[in-house]
Amino acid sequence: MSSFIGAIDQGTTSSRFLVFDDKGGLVTYHQAEYPQYYPHPGWVEHNPVEIFDSVLLCIKATIQKFEQAGHKINDIKAIGITNQRETTVVWDRITGKPLYNAIVWSDTRTHDLVHRLNKTTSFGAKALKEKCGLPITTYFSALKLKWMLENVAVVKEAHDKETLLFGTIDSWLIWNLTGGNKGGIHITDVTNASRTMFMDIRSLKWSDELLEFFEVKPSVLPRIVSSSEIYGDITIGSLQGISIAGVLGDQQAALVGQKCFKPGEAKNTYGTGCFMLFNTGSDPIISQSGLLTTVGYKFGNEETVYALEGSIAVAGSAVKWVRDNLGLISETNEINQLAAQVEDTGGVYFVTAFSGLFAPYWRDDARGCIVGITQYTNKNHIARAILEAACFQTRDILDAMNKDSDAPLTSLKADGGLSNSDLCMQIQADILGIPVIRPAMREATALGAAIAAGYAVGVWKSLSELEEVNAHDYQQFLPQTSQEDREARLKQWLKAIERSLNWA
């Protein structure tokens, strides 16, 4: 009889609950969007209660479908969780209520704080990066928490009284699922902890030095655990009594879901943003080319696996922007139909730096711009330029990874929403000059969380047993353009990048 594993996939714009079988096949799922809040330009917030409610809704709806298909809840052996990373939640350990809206990973309100810390730090920005693997930017949780401590009186008061709890979304979900203020477990896994700037990237422990630098008390922090072990049982809802046994930040979950278990293997997830991770093995490599050093995964007591990461702030969210803000399309998949109407962009380049540029540039003064427009330009060219923007930024990251690694990447595994577009994947192969490989079942992020949970409870007992998981029907996109054409277009893209700088 088949074993099943559940996965909570809590993303930037929606939540999902999915059930997989022991071959990695998707059995059923439910998805629910939740509100986004933009109180000021550059500010992005979520309501933590609405996030948790959306997760419970997805669990309930998925379990109904699962039972209607003839399965039993106790056939689900464990639950894994994957989540949007860096997004910062603060709540009161006594009441269990959030003390402020969650500040989302793409939020840029800490711009001035970043520059202040970079100028005044006695620690040294380079030394700090050596310790945690990350630069001081608006992206990471430490800056968001420090901003709240300086600007939200109720958060500072709770911090002073040591009733404050901090966490990324995984911590918030697990705490509530396991009892909340009536005994909930306050933990985070090593992959999420590695995105806070509080963790020593080598010891995998909270760093007293980093906490002192950011002026944060250790009492607010969750306990760091591995990505794959039994943490505790769910106490509410349809899954009551089932163990939570796997946690990974969303991009690390996709690395696992794509089975990038060997050093040198890489994946790119085309979601709200775009994130490429490159497995570097058991030693952390501090990038000299604008990339991030992060924990890839750690299964129980097994060796920690590290990764280099290139992060792009805007990918699929640019398509949503065209739908919601410009009204050029009514459904996100229409972007492909428009883009397919033309063979190229007509010389148009769209730098989607809505919240600055992430890797490898790290320029929070950049803003979005469309260049190369003529009277010939129409909405089809704009649509194609949006797809190309994610692909050119991926090329920027690939070039940086090739500088940092001993050997250049020879292929790229793709997943995420935009990877469903054959056109986008072909454009990507053309811009990179290497094959792009896409699995038939593209829910790599949720599958990675399910793999971590299943591994902890013995559904799979070794990495070799995972070879048959989601192993069939891969599609390969091969480059169809010349090296000369590829480099000429890249040169124009880099000119467009220059035009986006020094705006904020």
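### Structural notes on the pattern of salt bridges
Under the defined criterion, the tally for this structure stands at 25 salt bridges. One salt bridge connects Lys146 with Glu150, and the closest N-O pair in it is separated by 3.4 Å. Here Lys146 and its partner Glu150 are both found in helix α4 (residues 141–151), four residues apart, which amounts to about one turn of the helix. Taking relative accessible area as the criterion, Lys146 reaches 4% and is therefore assigned buried. A single network of salt bridges, built from pairs that share partners, joins Arg85, Glu86, Arg195, Asp250 and Glu309.

### So, the packing of helix α1 (residues 48–68) against helix α6 (residues 169–177)
Packed helices, taken two at a time, are described by their axes: the angle between them and the distance between them. It is the contact of α1 with α6, at a shortest axis distance of 11 Å, that shows an interaxial angle of 65 degrees. The element α1 and its partner α6 pack so that their crossing is right-handed. Residues Pro48, Val49, Ile51, Phe52, Val55 and Leu56 of α1 touch α6, and the partners they reach there are Ile169, Trp172, Leu173, Asn176 and Leu177. Considered class by class, the residues forming the contact of α1 with α6 number 10 nonpolar, one polar and no charged.

### Thoughts on the sheet that holds strand β15 (residues 292–297)
Spatially, β15-β16-β14-β13-β19-β20-β21 is the arrangement adopted by the seven strands of the open sheet, whose pairing is mixed. Each end of this open sheet is capped by a strand with a single partner; those strands are β15 and β21 (475–477). The average angle at which neighbouring strand axes cross in this sheet is 30 degrees, direction not considered. Pairing of strand β13 (residues 266–270) with strand β14 (residues 274–281), which is carried by five bridges, proceeds in the antiparallel orientation. Directly across from Tyr270, in β14, lies its bridge partner Cys274. Across the sheet, helix α9 (residues 250–257) touches β13, β14, β15 and β19 (412–415), and the angle it forms with β15 is around 55 degrees. Of the strands in this sheet, β13, β14, β16 (305–312) and β19 touch helix α12 (residues 379–404), which is tilted by about 145 degrees from β16.

### Observations concerning the nonpolar core
Core analysis: the largest hydrophobic core is formed by 97 residues, its most contacted members being Met197, Phe198 and Phe214. In terms of residue count, the dominant contributor to this core is α12 (13 residues). Beyond its immediate stretch of four places on either side in the chain, Phe214 contacts Leu117, Leu128, Ala142, Leu143, Lys146, Met197 and Phe198. Within the second largest apolar cluster, 34 residues are counted, among which are Ala32, Ile59, Trp91 and Leu177.

### Quick notes on the packing of aromatic side chains
Under the criterion given, the structure shown has 25 aromatic pairs. Note on Trp105 and Phe275: the rings are 5.8 Å apart at their centroids and 70 degrees apart in plane angle, and the pair reads as edge-to-face. Separated by 170 residues along the polypeptide, Trp105 in the loop between β7 (102–103) and α2 (111–120) and Phe275 in strand β14 bring together distant segments of the chain. Residues Trp105 and Phe275 agree in their burial class; the two are buried. Taken together, Trp105, Tyr139, Phe140, Phe275, Phe358 and Trp362 form an aromatic cluster joined through their ring pairs. It is Arg109 that lies over the ring of Trp43; its NZ or CZ is 3.8 Å from the centre. When the ring centre of Trp147 is taken as origin, the NZ or CZ atom of Arg109, which lies over that ring, is 4.7 Å away.

### What about α6?
In terms of residue burial, α6 counts as a mostly covered element, since nine of its nine residues are buried. Along α6, the residues that are buried comprise Ile169, Asp170, Ser171, Trp172, Leu173, Ile174, Trp175, Asn176 and Leu177. Following α6 by one or two positions, Gly179 adopts a phi angle in the positive range, close to 130 degrees.

### Section: the sheet that holds strand β12 (residues 243–249)
Here six strands make up an open sheet; going across it, the order is β3-β2-β1-β5-β12-β11 and the pairing mixed. Pairing within the sheet leaves two strands with one partner each, and these edge strands are β3 (26–33) and β11 (228–233). Pairwise comparison of adjacent strand axes, ignoring direction, gives a mean angle of 25 degrees for this sheet. In terms of strand pairing, strand β1 (residues 4–10) meets strand β5 (residues 76–83) through seven bridges, oriented parallel. Across the sheet, Gly6 pairs through a bridge with Ile79, a residue of β5. Taken strand by strand, α1 contacts β1, β2 (14–21), β3 and β5, and its axis lies near 145 degrees from that of β3.

Thresholds, definitions, all that
- Residues numbered from 1 in each chain as written.
- Predicted model: local features only at pLDDT ≥ 70, side-chain atom pairs only at ≥ 80, totals over all residues.
- Heavy atoms only, no water.
- Salt bridge = Lys/Arg side-chain N within 4 Å of Asp/Glu carboxyl O.
- Helix = DSSP H or I, 4+ residues; strand = E, 2+ residues; numbered from the N terminus.
- Buried < 20%, exposed > 50% of the residue type's maximum accessible area, 1.4 Å probe, protein only.
- Axes fitted to C-alpha atoms, helices over the stretch in contact; angles between N-to-C directions.
- Left-handed = near helix turned anticlockwise from the far one by under 90°.
- Contact = heavy atoms within 4.5 Å.
- Nonpolar A, V, L, I, M, F, W, Y, C, P; charged D, E, K, R; others polar.
- Pairing = 2+ DSSP bridges.
- Core = buried A, V, L, I, M, F, W, Y, C linked by side-chain atoms within 4.5 Å.
- Phe/Tyr/Trp six-rings, centres within 6.5 Å; stacked < 30°, edge-to-face > 60°.
- Lys NZ or Arg CZ within 6 Å of the ring centre and 35° of its normal.

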